[in-house]
Amino acid sequence: MATTRARITAALHGLLRRSKAASERLAHRREEREQAPARTERADGTTGAAYPGDATTLPDTTYRPVPDGAPDPGEIVWAWVPYEEDYSQGKDRPVLIIGHEGPWLIALQLTSKDHDRDEEQERRAGREWIDIGTGGWDKKGRPSEVRTNRLLRVAPDAIRREGAVLPRDRYAAVVAVARPGQVRR
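**Student:** Could you clarify how one ought to interpret the environment of Gly163 in this entry?
**Tutor:** Note that Gly163 resides in strand S9 (residues 159-165). Here Gly163 falls in the partly exposed class, since its relative accessible area comes to 22%. Between the alpha carbons of Gly163 and Ile76 there is a distance of 5.3 Å; along the sequence they are 87 residues apart. Contacts of Gly163, omitting those with residues within four sequence positions, involve Ile76, Val77, Gly136 and Trp137.

In structure tokens form, the structure reads like this:
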């Protein structure tokens, strides 16, 4: 009888622990929804977070990729990126997550276009790039570059898919030169 009572007590304690953990997860999700950026309809007909403009300060850029499905600094993911000239328009592209700012992720855009050939023209236009080589974010295996002077804000729910983790040494080289560009008003 005592062992049956002990088993029932242990089972109840386990049930209470799981229930408490589930309640905490739900409260955390509710808090995230309440802090989420406002939604808006874009020119292409899709909806997404209203873009408040590019970030103006560099966040904590500590490298911490975790294979848990959530975007972390050091990971390259695909997301909608607004054009500089018109935030209501943009395109889906790979971005390197470098930190957080409130409910937003801070990221740097990638391209497979080689800007070494037109480096002077890019600098005159206010765009600075650094080579990061190849990786799992590009299915064609093309070398990529990261724009280092435009700090994009990305809503976590705008992440379409994960691409890859950028190796620590390449991540360090990127964040060493990353900085906010001129902010469009």
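Read on for the rest.
**Student:** Explanation requested: the side chain of Ser144 in the structure shown.
**Tutor:** Position of Ser144 relative to the elements: it lies in strand S7 (residues 144-147). Relative accessible area serves as the criterion here: at 4%, Ser144 is assigned to the buried category. If we skip the residues at most four places from it in the chain, Ser144 touches Leu110, Thr111, Ser112, Ile130, Asp131, Ile132, Gly133 and Trp137.

**Student:** How do you make sense of the pairing of strand S3 (residues 75-82) when you look at a structure like this?
**Tutor:** Regular strands place side chains that alternate from one sheet face to the opposite one. Of all eight residues making up S3, eight are buried, and the element is well covered by its neighbours. For S3 and strand S4 (residues 90-101), the ladder comprises seven bridges, and the chain directions are antiparallel. Along S4, the bridge assignment pairs Trp78 with Pro94.

**Student:** What am I meant to see in the pattern of salt bridges here?
**Tutor:** Two side chains carrying opposite charge are able to pair once their charged atoms lie near each other. Tallying each qualifying case throughout the model produces nine salt bridges. Arg123 is paired through a salt bridge with Glu128; the nearest N and O atoms lie 3.9 Å apart. As a salt-bridge pair, Glu128 and Arg179 come within 2.4 Å of each other at their nearest N and O atoms. Of the two residues, Glu128 sits in the loop between helix H2 (119-124) and strand S6 (129-133) while Arg179 sits in the segment after helix H3 (168-177), which places them 51 residues apart along the sequence. Overlapping salt bridges bring together Arg123, Glu128 and Arg179 as one network.

Calculation criteria
The written sequence of each chain sets the order in which its residues are numbered from 1. Totals for whole chains, interfaces and linings use all residues, but because this is a predicted model, local features are given only for residues with pLDDT of at least 70 and pairs of side-chain atoms are given and counted only at 80 or more. Processing note: side-chain calculations cover all non-hydrogen atoms of the structure and skip hydrogens and water entirely. Working definition: helices are DSSP H or I runs of at least four residues, strands are E runs of at least two. Numbering for both runs from the N terminus. To sort residues, take the accessible area from a 1.4 Å probe on protein chains only and compare it with the maximum for the residue type: under 20% means buried, over 50% means exposed, and anything in between is partly exposed. Whether two residues are in contact is decided by their heavy atoms: any pair within 4.5 Å suffices. DSSP calls a pair of strands paired once it identifies at least 2 bridges connecting them. For salt bridges, the criterion is a side-chain nitrogen of Lys or Arg within 4 Å of an Asp or Glu carboxyl oxygen.

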